[in-house]
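# A closer look at the structure
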Amino acid sequence: MKTAFKTHEGRVVLVTGASQGIGQAIALAFAERGARVVATDLKSPHDTVSKIGPSASAFELDVTQEEQWRSLAAEVRDIGDVDIVVNNAGYFPNRSIDDLDLPTWRRTFATNLDAHFLSVKYFLPAMRKKKWGRFIGISSNMVGLAIPGMSHYIATKMGIIGFMRGLANDVAGDGITANSVLPGLTNTQAIAPQSEEQKRGTWEQQAIKEKIKIAREYFLRADQGRPDVLELFNADAEIYFPKFGFGSGRESFLEMVKGFEGILEHIQHDYDGFNFIPSGDYLIVEGTSHGRMSGKAWAGGKTPGGRFCNVFKFRDGRISSLHIYLDPDYTGEDDSRFRWGKSRQW
Ligand SMILES: NC(=O)c1ccc[n+]([C@@H]2O[C@H](COP(=O)([O-])OP(=O)(O)OC[C@H]3O[C@@H](n4cnc5c(N)ncnc54)[C@H](O)[C@@H]3O)[C@@H](O)[C@H]2O)c1
């Protein structure tokens, strides 16, 4: 992504594992924003530096070796104090728990976690003096996915989150921040050994999580009556609601809401009780709501109204259609017309 904004002019950024993949992309992005880049890797990342030009320098650094961190800190002094450290170097062999041995466990921890501590040890003092600094730990969204054979890796990536949180507490007073970034599965050389099926499995899990996030956000914004609920929809989204029928275009969501004006006092979906059922481009969410309408309360699961089933469809990270199935007679005003459902559990 090209940017014209030189937001990092005057900053010196150290990136580990910068010879390829995500590390190289990070180095290039910082350079693009005007930073001077200290690119490091097991072998000097000349390719990255030649892509950037004279504002970058290449250094050899095995992040597991304290001695190398110490000498790097001394060597880069000529370039200037390092303002931003991006710990990106990673080691991630797939090993089932039965095949995992202690040397692999230790190497994973040394590369993915010790390095963060060592970088703090050698680069925090100068940041403290300047009262400005940033530590960025590249974790992974795998911490929330069900991927087999990665227990050692996930342990370190969770560890990064913990360390960044703890570090932030210790350095906040000096104008220094510490944050983790959790990338999703990214097509780099590191994941080349994975089969297409494995990759697809991970991408599917990521996609499901994204859909659930958008659906949760929808319920939250809708309950709070926030106009920005519309931003979650594609402009041409289709909406279905009982007795309203099909509306086309995201603005039709407002028309549907207008139908409740003057009678609906309050509605809240029961966020903790949602059941999410993913299926291809669709996500089905069933659950309950509670609220008040025309002075009368309902509570899904306890009174006749308030159970719903929403069928979301997604396109380009937004809702492309939402079909809502529920009894719009939330408070049971129309009971007398129906002969069943007396003394039932709701
Ligand atoms: N690719 C993904 O899908 C993905 C997803 C989430 C997080 N991540 C994380 O992003 C980071 C970069 O991943 P990538 O996909 O670009 O990997 P990659 O294998 O393409 O690059 C990793 C780099 O780290 C370097 N490295 C490994 N051990 C090192 C050591 N001891 N000292 C110094 N450098 C070392 C390698 O030489 C390599 O250049 C890793 O921390 C990884 O865990 C990757």
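Worth saying up front: this structure is predicted, and the values here are computed from it rather than measured. (Residues numbered from 1 in each chain as written. Predicted model: local features only at pLDDT ≥ 70, side-chain atom pairs only at ≥ 80, totals over all residues.)

### What to know about the overall build of the protein
We count it as follows: The helix count covers DSSP runs of H or I at least four residues long, the strand count covers runs of E at least two residues long, and both are numbered beginning at the N terminus. Our radius of gyration is a C-alpha quantity, and the globule rule it is checked against amounts to 2.2 Å times the number of residues to the power 0.38. Neighbour density around each residue's C-beta defines its exposure: 20 or more other C-beta atoms within 10 Å make it buried, 12 or fewer make it exposed, and counts between make it partly exposed, where C-beta atoms are placed from the backbone. Any pair of residues counts as being in contact when their C-beta atoms, constructed from backbone geometry, are within 7 Å of one another.
Of regular secondary structure, the protein possesses seven helices and 14 strands. Against the 2.2 N^0.38 benchmark of 20 Å for 346 residues, the protein shows a C-alpha radius of gyration of 26 Å, more extended than a compact globule. Out of the 346 residues belonging to the protein, those deemed buried represent 31%. Pairs at least 24 residues apart make up 59% of the contacts formed inside the protein by residues separated by at least 6 positions.

### Quick notes on the site of the ligand
Definition in use: Each residue gets a C-beta atom placed from its backbone. Should that atom fall within 6 Å of a molecule or strand, the residue is termed near it. Side-chain classes are defined by residue name, with Ala, Val, Leu, Ile, Met, Phe, Trp, Tyr, Cys and Pro counting as nonpolar, Asp, Glu, Lys and Arg as charged, and the others, Gly among them, as polar.
Near the ligand, the surroundings consist of 28 residues, among which G17, G21, G90, T188 and A190 are the closest. For the shell around the ligand, the leading source of residues is helix 1 (residues 21–32), giving three residues. A class-by-class count of the residues in the shell around the ligand yields twelve nonpolar, 14 polar and two charged.

### Some words on the domain arrangement of the protein
Spelled out, the test is: Note that the domain bounds reflect an automated or database-derived domain assignment.
Examined at the domain level, the protein breaks down into domain 1 (12–193) and domain 2 (211–337). Once you take the C-alpha centre of each, domain 1 and domain 2 turn out to be 43 Å apart.

### Some remarks on the nonpolar core
We apply this condition: Connectivity within a nonpolar core runs through C-beta atoms within 7 Å, and the core itself is a set of buried Ala, Val, Leu, Ile, Met, Phe, Trp, Tyr and Cys residues.
Counting residues in each nonpolar core, the largest one holds 45 residues, and the members touching the most others are V13, V15, A27, V37, V38, A39 and V86. No other element matches the eight residues that helix 4 (residues 102–130) contributes to this core. Not counting residues within four places of it along the chain, the set of residues in contact with V15 comprises G23, I26, A27, V37, A39, T40, V86 and N88. Y218, I239, F253 and L283 belong to the second-largest nonpolar core, a separate cluster that totals 16 residues.

### Quick word on the sheet that holds strand 3 (residues 56–60)
Counted only if it meets this: Here a strand pair is declared whenever DSSP counts at least two bridges between the two strands. Axis definition: a line fitted to C-alpha atoms, limited for helices to the stretch in contact. Angles are taken between N-to-C directions and run from 0 to 180 degrees.
One open sheet accounts for six strands, arranged 3-2-1-4-5-6; its pairing is parallel. Sheet topology places strand 3 and strand 6 (176–181) at the edges, where each strand pairs with a single neighbour. Strand after strand, the sheet turns through a mean of 15° between neighbouring axes, direction not considered. Judged from the four bridges that link them, strand 1 (residues 12–15) and strand 2 (residues 36–41) form a sheet pairing that is parallel. Note on strand 2: the bridge partner recorded for V15 is A39.

### Considering the packing of helix 4 against helix 5 (residues 151–171)
The test is simple: Should an angle fall under 35 degrees it is taken as roughly parallel, and over 145 as roughly antiparallel, whereas 65 to 115 is taken as roughly perpendicular and any remaining angle as oblique. Handedness of a crossing follows from how the near helix is turned relative to the far one, being left-handed for an anticlockwise turn of less than a right angle and right-handed for a clockwise one.
Where helix 4 contacts helix 5, the axes come no closer than 9 Å and their chain directions differ by 15°. Relative to helix 5, the element helix 4 lies roughly parallel. In this structure, helix 4 meets helix 5 at a crossing whose hand is right-handed. Listed contacts from helix 5 to T104, W105, T108, F109, N112, L113, H116, F117, V120 and L124 of helix 4 are H152, Y153, T156, K157, G159, I160, F163, L167 and V171. Here the residues of the contact of helix 4 with helix 5 sort into eleven nonpolar, seven polar and one charged.

### Details of helix 4
Inclusion rule: To estimate how far a helix should extend, the number of its residues minus one is multiplied by 1.5 Å. Axes are fitted to the seven residues ending at a residue and to the seven starting at it; the angle between these axes is taken as the bend at that residue.
Between its first and last C-alpha atoms helix 4 spans 41 Å; for 29 residues at 1.5 Å apiece the expected length is 42 Å, and the two agree. At F123, helix 4 is bent by approximately 45°, the largest bend along its length, and proline P125 sits one to four residues beyond. Of the residues flanking the end of helix 4, it is K131, one or two places downstream, whose phi is positive at about 60°.

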